[in-house]
Amino acid sequence: MNVGDLLDARVLGPDGAPLGVVVDVRLSLEVVDEAEGGPGAGEDREEAEHDAPLSAQARRDAVGGARLVGLLVGPRGAGSFHGYERTGIRSPWPIPQLVRRRHRGTFLVRWEDVAAVETGTAVGDDGARRVRLARGYTQLPAELPSASG
Amino acid sequence: MTDRRGERRLVDARLHLLSRQVLDPDGEPVGAVDDLALAGPDGGEVEAGREAHVDAILVGPVLATRLFGGRVPDSRLPRIAWDDVGHVGTAVELTVPSDRLDAVWVERWVRDRLIARIPGGRHDPEAGA
């Protein structure tokens, strides 16, 4: 299964009620110690001090494994890739405010609470994937911790 | 430098990984993240609700399917093992040079079989005069 198979899949509650679509897939990256320093690491730092490109302010981590945490379920699909409803970004006004309003109600559901991922292969089906949630699933807030940029 | 051992960083696939550039240790672009392959704990199929992790980055010729629809079968998409990923920032940086990746075999083939046969094709412009 690929992440792309889950994205935009329709999400159904335990009773079959439609809840929305998968707008994103949340992963947890293991941050490893960078004591040995990668070959490119020192070079980048030097450059950053030199003319400080915008990318130098962005977070860059040495990573290990990436675990699947859960699915972000939104009432509407399109437009969520901006991620405004998951971050605290407030400018340029009024774009984040409008996008956030459109995507309010977006929640995170843990992968453990996913009961099944089905492919619609039945006759008359459009072939779209469906994600069915387990009974007693919890809706968690969709916000990312502010530390990750 | 603060010790961040054991720390985990939460990222959203679409927001932080998909369509990001993949660079090799020399900063050479390898491609873009088109999809992420998931695997179960023992490397097998993913089961809903059971532990799963990212197994590989899929890079490949997806432009045609983006334009015309449909999808490329997984077996036709070049894979880069997630174990080869070193850093995740604004780009995904690998720990293996691009020459050792199967994902760029087309580029390598064109360089060795076609470009190298053109007079002057073996000259490295970056090596100086």
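Residues numbered from 1 in each chain as written. Chains lettered and ligands numbered in written order. Predicted model: local features only at pLDDT ≥ 70, side-chain atom pairs only at ≥ 80, totals over all residues.

*Asks:* Any chance you could break down the overall build of chain A for me, citing the residues and the numbers?
*Replies:* Broken down by element type, chain A carries three helices and seven strands. In sequence order, chain A lays out its α and β elements as α-β-β-α-β-α-β-β-β-β. In chain A, which comprises 149 residues, the share counted as buried stands at 28%. Of the contacts made within chain A by residues no fewer than 6 positions apart, 67% connect residues no fewer than 24 positions apart. (Helix = DSSP H or I, 4+ residues; strand = E, 2+ residues; numbered from the N terminus. Buried ≥ 20, exposed ≤ 12 C-beta atoms within 10 Å, placed from the backbone. Contact = placed C-beta atoms within 7 Å.)

*Asks:* Provide a residue-level description of the overall build of chain B, including the pertinent values.
*Replies:* When helices and strands are tallied, chain B shows three helices and eight strands. Expected size for 129 residues packed as a compact globule is a radius of gyration near 14 Å; at 18 Å, chain B overshoots this value by more than 25%. The principal-axis extents of the C-alpha atoms in chain B amount to approximately 60 × 45 × 25 Å. Looking at the 129 residues of chain B, the share that counts as buried comes to 33%. (Rg over C-alpha atoms; globule rule 2.2 N^0.38 Å.)

*Asks:* Break down the interface of chain A and chain B for me, citing the residues and quoting the values.
*Replies:* Listed as interface residues are 43 residues of chain A and, on the opposing side, 34 residues of chain B. Mapped by element, the contributors of at least two residues to the side of chain A that touches chain B are α1 (3-6), β2 (18-31), β3 (61-74) and β5 (114-119) of chain A. A per-element tally of the side of chain A that touches chain B places β3(A) first, with nine residues. Sheet topology note: the β3(A)/strand β7 (residues 85-88) of chain B ladder contains two bridges and is antiparallel. Bridge pairing in β7(B) places A62(A) opposite H87(B). (Pairing = 2+ DSSP bridges.)

*Asks:* Please provide a residue-by-residue account of the environment of G43(B), values included.
*Replies:* Considering the arrangement of structural elements, one finds G43(B) in the loop between β4 (35-39) and β5 (53-58). C-alpha separation for the pair G43(B) and H53(B), spaced 10 residues apart in sequence, amounts to 8.8 Å.

*Asks:* Explain the nonpolar core residue by residue, including any values.
*Replies:* Core analysis: the biggest nonpolar cluster contains 54 residues, and V22(A), V25(A), L27(A), L71(A), V22(B), L36(B) and I57(B) have the highest contact counts within it. Counting residues per element, this core draws most heavily on β3(A), which supplies eight residues. If near-sequence neighbours (up to four positions away) are discounted, V25(A) is found in contact with V3(A), L6(A), L7(A), L68(A), L71(A), D12(B) and A13(B). (Core = buried A, V, L, I, M, F, W, Y, C linked by C-beta atoms within 7 Å.)

*Asks:* Kindly report on the confidence of the model for chain A, identifying the contributing residues and their values.
*Replies:* Atomic detail in the predicted coordinates should be set aside for any region of low pLDDT. On average, residues of chain A score 78 in pLDDT, and 72% of them are at 70 or above. The least confident element of chain A, judged by mean pLDDT, is helix α2 (residues 41-51) of chain A at 50; the most confident is strand β4 (residues 107-110) of chain A at 94. (pLDDT = per-residue confidence, 0-100.)

*Asks:* How would you summarise the pairing of β5(B) if you had to cite specific residues and measurements?
*Replies:* Residue and element names in this part refer to chain B. In terms of burial, β5 is largely enclosed, as five of its six residues are buried. With five bridges joining them, β4 and β5 adopt antiparallel strand pairing. When the sheet's bridge partners are listed, A39 is paired in β5 with H53. Strand direction decides the pairing type here: β5 and strand β6 (residues 79-81), joined by three bridges, are antiparallel. In the strand pairing of β6, L58 is matched with R79.

*Asks:* Got a sec to walk through the confidence of the model for chain B? Specific residues and values, please.
*Replies:* In this model, chain B carries an average pLDDT of 84, and 91% of its residues clear a pLDDT of 70 or more. For this predicted complex, the interface score ipTM comes out at 0.79, alongside a pTM of 0.79.

*Asks:* Break down unusual backbone geometry for me, citing the residues and quoting the values.
*Replies:* For the peptide bond that leads from W93(A) to P94(A), omega is 5°, which places it in the cis range. Take P94(A): it is sitting in the loop between β3 and α3 (95-102). Its identity as a non-glycine residue notwithstanding, D8(A) has a phi of 70°, on the positive side. Relative to the assigned elements, D8(A) resides in the loop between α1 and β1 (10-12). Here S19(B), not a glycine, exhibits a phi torsion of approximately 70°, which is positive. Checked against the element boundaries, S19(B) lands in the loop between α1 (13-17) and β2 (21-23).

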